[in-house]
Amino acid sequence: FTPESPLGLTAPPDRLDGRPILEIFRDAAHRLSLEDAIRRGELVPIRCVRVKTNLDLTRVRFNEVQYNRHDLEQTIRVPARDALIVDTYLDHVPGRKGVTFCVNVAHAEALADRFLARGVPARAVSGAMRGDERETILRTFANGQLKMLCACDILNEGWDCPDVEVLLMSRPTLSKIVYMQQLGRGTRK
C-alpha cells in the first residue's frame, strides 16, 4: 500500500525499540491517557494494593529493557512470597476473576498449584503449551470455571477478557510498555 495519509491506532504509544511512534505517524490526531480514559468512564477505576516483601533485586542483572530471567527467577521464586501472593488474593478479592503475571512458566505452574491448594480454581497458561490446550484453558476461564490464570508473557497483549477484575503483578518489570499492557488486561469495562 502507498497510502496518502497513514492511520495508526495503538493502545500504548510506546515502542519496545524506544523510537517515538510519531516518527512513523507524524501527526497525532488524538491521545487519551490512562487517567483520562478512567475519568471519562472508558476504562474502570484502578484500586491498587501494594504488598511489600523483603526481596532484594539489587543483585539481579538487567539491561535497559528487562531483568535477566535466570537471576530474576532465583530471586523471585520464594515459597513464602508465593504464599503471600495467594494470601493477598484471598484477603482482598476472593472469588474474583484474575490473572497473575509470573516470572516464567515454572513460576506460573507453581503459583497455579498454590492457588488450587487453597481452593481457588486456577491454571497456568504459557506459550510452551500446545495451542489447543491453551485455548481450552482460556475458554474455561472465560466461562467462569476458573478464577485465576497464572501466565508468563502470553496474556500481555492481544487477549481480551473484560470480566477480569484482578491483576497480580508477581514479577517485576523494567518495561513501562509491558506493565501497561498487563495493566490493560484488567481495565476493560
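Small disclaimer: the values here were computed from a predicted structure and weren't measured. (Residues numbered from 1 in each chain as written. Predicted model: local features only at pLDDT ≥ 70, side-chain atom pairs only at ≥ 80, totals over all residues. Heavy atoms only, no water.)

Draft legend 1. Up close: the pattern of salt bridges. Going through the model one piece at a time under the given rule, you end up with eight salt bridges. The salt bridge involving Glu73 is made with Arg77; its shortest N-O contact spans 3.2 Å. With relative accessibility at 30%, the residue Arg77 sits in the partly exposed group. (Salt bridge = Lys/Arg side-chain N within 4 Å of Asp/Glu carboxyl O. Buried < 20%, exposed > 50% of the residue type's maximum accessible area, 1.4 Å probe, protein only.)

Draft legend 2. Representation of the side chain of Lys97. Its location among the elements puts Lys97 in the loop between helix H3 (79–92) and strand S1 (98–101). Overall, Lys97 belongs to the buried group, its relative accessible area being 6%. Polar contacts involving the side chain of Lys97 include one to the main-chain carbonyl oxygen of Phe141, which spans 2.7 Å. Sequence-distant contacts of Lys97, defined by excluding residues within four places in its chain, comprise Phe141, Ala142, Gly144, Leu146, Lys147, Cys161, Asp163, Val164, Glu165 and Val166. (Helix = DSSP H or I, 4+ residues; strand = E, 2+ residues; numbered from the N terminus. Polar contact = N/O pair within 3.5 Å; in protein donor to acceptor, adjacent residues only side chain to side chain. Contact = heavy atoms within 4.5 Å.)

Draft legend 3. The arrangement of helix H2 (residues 69–76) in detail. Along H2, the residues classified as buried are Asp71, Leu72, Thr75 and Ile76. Looking straight down H2, one finds its buried side chains confined to an arc of 115°; they lie on one side. The inward-facing, buried residues of H2 abut H3 and helix H4 (105–117). (Arc of directions from axis to C-beta.)

Draft legend 4. The sheet that holds strand S2 (residues 122–126), seen in detail. An order of S2-S3-S1-S4 is seen for the four strands of this open sheet, with the pairing classed as parallel. In this open sheet, the two strands that pair with only one neighbour each are S2 and strand S4 (166–169). Adjacent strand axes in the sheet meet at a mean angle of 20° when their direction is disregarded. Note: S1 against strand S3 (residues 148–152), four bridges, orientation parallel. (Pairing = 2+ DSSP bridges. Axes fitted to C-alpha atoms, helices over the stretch in contact; angles between N-to-C directions.)

Honestly, that's just the spatial picture; any functional story needs more than this.
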